[in-house]
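Listed below, chain by chain, are the residues.
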Amino acid sequence: MNQPLWTRNFTLLLLSNLFLFLALEMLLPTLPIFASDRGASDAQVGLIVALFTYSAVVTRLFVGVASDKFGKGRLLILGVLICLLGTVSYLAAATVSVMLMLRILHGIGFGLSTTLYGTIASDIIPARRRGEGMGFFGTGNSIAISLGPFIGIWLMDDYSFNVLFITGGVILLLALLFTLLVKKDALESVPEPKAAQPKVGEVQVSAYEADERQADETKAAGQHKSLPFLTRFIEFTALFPSLLGLLVGLSFGGVISFITLFGVETGIQNIAYFFLVLAISEFLIRFVSGRIFDTKGRFWVLFPSGILCLIGTTLLYFTDSIGLLILAAVFYGAGLGALFPALQAWVIDRVAPHRRGVATATFYNSFDLGIGSGAVLLGIVVTWTNYATMYLVSGVFFVIYLIVYYWYEQRQAKQSPSKKLAN
């Protein structure tokens, strides 16, 4: 645990990731309004939002193969540059057709950059501090979720869409600059050797992970022979954590998509405080959850955080005041802030270093597909009931998450009696 975490390269990469997500979050609540002003119908607005997600998902399928051929660093710089060009190009989007094409381009850049940020960060972070490091690295997303919508709406309302897009371009220019300042050997890091087996009594998560990784790699090797084409785009050893990420995304999609309309339905003012408290809670929990992951094992992060998220969605069902709304944000933010980086660190721990790009893409795609599908499914629930009931239903995904994950850990423990649930 004495290996340095806050190196120059890690800090620059974290800041670059933060600015990329900040520019994205600024557009989430404002771009649909921009499209509507340009004559887009409700269906076209939905398509504009969906095309971004799906183009990012498709792009991630090819990141692992492309990074082997062109290098992770070059592709990351390309991804950020595409996001920059896509954001600034909205200035010239006079028609809906042009916007649709730009959203596809923007999604490609987002798919490239988000996958490679996580992959390169996992290479830079010391193996024994991966849970802690990935937790802090993810704070960029939390800060962006908090500040991005506020900044975007403020620029749109008080200035203009042109100022909004130019500001987003400047922010992405800074993200590109920070990426260029990361040393080349860090961007194109050589896969690290496997860690040595821990001594008896040594506090180290890999005591549990070593047997599991060996079994996973053996299983993946058999799948690689039978499905050589798919293994170029999907990392099979990352599928179970990615399944859990899908379940989390299904709930998260509903929580984020409808919270503003929920405020209108319940008559709660200042619904934006939910996002602020959510981000603060996500940020603070990572000072604790990462170290627990690295010292006690994944179970003591992944299972309690699922319970916290379930409490958060249940509180939203009962929410009729700003106090309950903030309390729900505290629980949901703490659970999500601990859970997401822990799943990502687990994905990295399960795969060989040269497969981290494909594994990260598999995980992010599952989470994003969950968000998109959750927004659609829970939107149908809203049409049948109301927003409060929809949040109660969204908690069902966490019930499934807890059952599936606990079953998995019990099954792993039975297969190897020497393993403990804690690790």
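Residues numbered from 1 in each chain as written. Predicted model: local features only at pLDDT ≥ 70, side-chain atom pairs only at ≥ 80, totals over all residues. Heavy atoms only, no water.

Q: Explanation requested: the overall build of the chain in the structure shown.
A: From N to C terminus, the chain includes 17 helices and 0 strands. Burial analysis of the chain (423 residues in total) assigns 55% to the buried set. For the chain, the accessible surface area stands at approximately 17,900 Å², while carbon and sulfur atoms represent 69% of it. (Helix = DSSP H or I, 4+ residues; strand = E, 2+ residues; numbered from the N terminus. Buried < 20%, exposed > 50% of the residue type's maximum accessible area, 1.4 Å probe, protein only. Areas by Shrake-Rupley, 256 points an atom, 1.4 Å probe, with all protein chains shown as cover.)

Q: Would you mind showing me how to read the packing of helix 13 (residues 273-295) against helix 14 (residues 299-318) here?
A: The packing of two helices is summarised by the inter-axis angle and the distance between the axes. Remark: helix 13 packs on helix 14, axes separated minimally by 11 Å, with the N-to-C direction vectors making an angle of 160°. Relative to helix 14, helix 13 is oriented roughly antiparallel. As helix 13 runs across helix 14, the sense of the crossing is right-handed. Contact residues: F274, S289, I292 and F293 in helix 13; W300, V301 and L316 in helix 14. Across the contact of helix 13 with helix 14, the residue classes break down as 6 nonpolar, 1 polar and no charged. (Axes fitted to C-alpha atoms, helices over the stretch in contact; angles between N-to-C directions. Parallel < 35°, antiparallel > 145°, perpendicular 65-115°, else oblique. Left-handed = near helix turned anticlockwise from the far one by under 90°. Contact = heavy atoms within 4.5 Å. Nonpolar A, V, L, I, M, F, W, Y, C, P; charged D, E, K, R; others polar.)

Q: Help me out: how do you make sense of the packing of aromatic side chains in this one?
A: Think of a pair of aromatic rings as described by two things: how far the centres are apart, and how the planes are tilted against each other in angle. This model, assessed by the stated rule, comprises 32 aromatic pairs. Between F19 and F178, the aromatic rings sit 5.7 Å apart at their centres with planes inclined by 5°, giving stacked as the arrangement. One end of the pair, F19, is in helix 1 (residues 8-27); the other, F178, is in helix 9 (residues 161-181), and 159 residues separate them in sequence. Like F178, F19 is buried. With a centroid separation of 6.0 Å and an interplanar angle of 25°, the aromatic rings of F299 and Y405 are classed as stacked. (Phe/Tyr/Trp six-rings, centres within 6.5 Å; stacked < 30°, edge-to-face > 60°.)

Q: Sorry, what's going on with helix 5 (residues 72-89) here?
A: Residues spaced three or four apart along an α-helix point in a common direction, a consequence of the helix completing one turn every 3.6 residues. Its 18 residues give helix 5 an end-to-end C-alpha distance of 26 Å, which sits within 8% of 26 Å, the value for a rise of 1.5 Å per residue. The set of residues buried in helix 5 consists of K72, G73, L75, L76, G79, V80, I82, C83, L84, G86 and T87. (Expected span 1.5 Å × (residues − 1).)

Q: Would you mind going over empty space enclosed by the protein with me for this structure?
A: Rolling a probe over the atoms, with the probe sized like a water molecule, indicates the empty space that remains. Under the defined criterion, the tally for this structure stands at 1 cavity of 30 Å³ or more. By volume, the largest cavity is sized at about 50 Å³. In terms of lining, the largest cavity is formed by G131, G135, S289, G290, F293, V301, A338, P341, A342 and A345. Elements with a contribution of two residues or more to the lining of the largest cavity: helix 7 (130-137), helix 13 and helix 15 (322-350). The element contributing the most residues to the lining of the largest cavity is helix 15, with 4 residues. Among the residues forming the lining of the largest cavity, the class breakdown is 6 nonpolar, 4 polar and no charged. (1 Å grid on protein atoms, 1.4 Å probe; cavity = no way out; pocket = protein on both sides within 12 Å on 5 of 7 lines; lining within 4 Å. Points joined across faces, edges and corners; volume = space filled by probe spheres on them.)

Q: Just checking my understanding: could you explain the environment of A121 for this structure?
A: Its place among the elements puts A121 in helix 6 (residues 96-124). Residue contacts for A121: discarding those within four places in its chain leaves L13, M134 and F137.

Q: Looking at this structure, I do not really get a nonpolar patch on the surface. What am I missing?
A: Side chains of F150, Y273, L276, I280, L284, F287, V288 and I322 sit close together on the surface and give an oily, nonpolar patch of about 700 Å² of accessible area. Top contributing element to the nonpolar patch by residue count: helix 13, with 6 residues. Inspection of the secondary structure assignment puts I280 in helix 13. (Patch = residues over 30% accessible without salt bridge, like charges linked within 9 Å, V, L, I, M, F, W, Y side chains within 5 Å. Salt bridge = Lys/Arg side-chain N within 4 Å of Asp/Glu carboxyl O.)

Q: Could you clarify how one ought to interpret the pattern of salt bridges in this entry?
A: Once the charged atoms of two side chains with opposite charge are near each other, the side chains can pair. Applying the stated rule across the entire model yields 7 salt bridges. Close ionic contact of D368 with R60 constitutes a salt bridge, the shortest N to O distance being 2.7 Å. Pair noted here: D368 is in helix 16 (residues 356-384) and R60 is in helix 3 (residues 42-60), with a separation of 308 residues, a long-range link. For the residue pair D368 and R60, the accessibility class agrees, reading buried in each case. Here R286 ties to E282 by a salt bridge, and the two come within 3.7 Å at their closest N and O atoms. Taken together, the residues span about one helical turn, with R286 and E282 both in helix 13 at a distance of 4 residues. Note on R286: relative accessible area 3%, which makes it buried. Here the salt bridges share partners, and the residues they tie into one network are R129, E132 and R291.

Q: I would appreciate a short explanation of helix 9 in the present structure.
A: Between its first and last C-alpha atoms helix 9 spans 30 Å; for 21 residues at 1.5 Å apiece the expected length is 30 Å, and the two agree. What helix 9 keeps buried is the set F161, L164, F165, G168, G169, I171, L172, A175, L176, F178 and T179.

Q: What should I look at first to understand the packing of helix 5 against helix 9 in this one?
A: Here helix 5 crosses helix 9 at 170°, and the two axes come no closer than 8 Å. On the basis of the axis angle, helix 5 is roughly antiparallel to helix 9. On the side of helix 5, the interface is formed by L76, I77, V80, L81, C83, L84, T87 and V88, while helix 9 contributes F165, G168, G169, L172, L173, A175, L176, T179 and L180. Residue classes in the contact of helix 5 with helix 9 are distributed as 13 nonpolar, 4 polar and no charged.

Q: I keep staring at the side chain of S242 and nothing clicks. Help me out?
A: By secondary structure assignment, the location of S242 is in helix 12 (residues 239-266). What makes S242 buried here is its relative accessible area of 1%. In this view, S242 contacts T362, F363 and S366; residues no more than four positions away in its chain are not counted.

Note that all results are geometric; they support no functional claim without further evidence.
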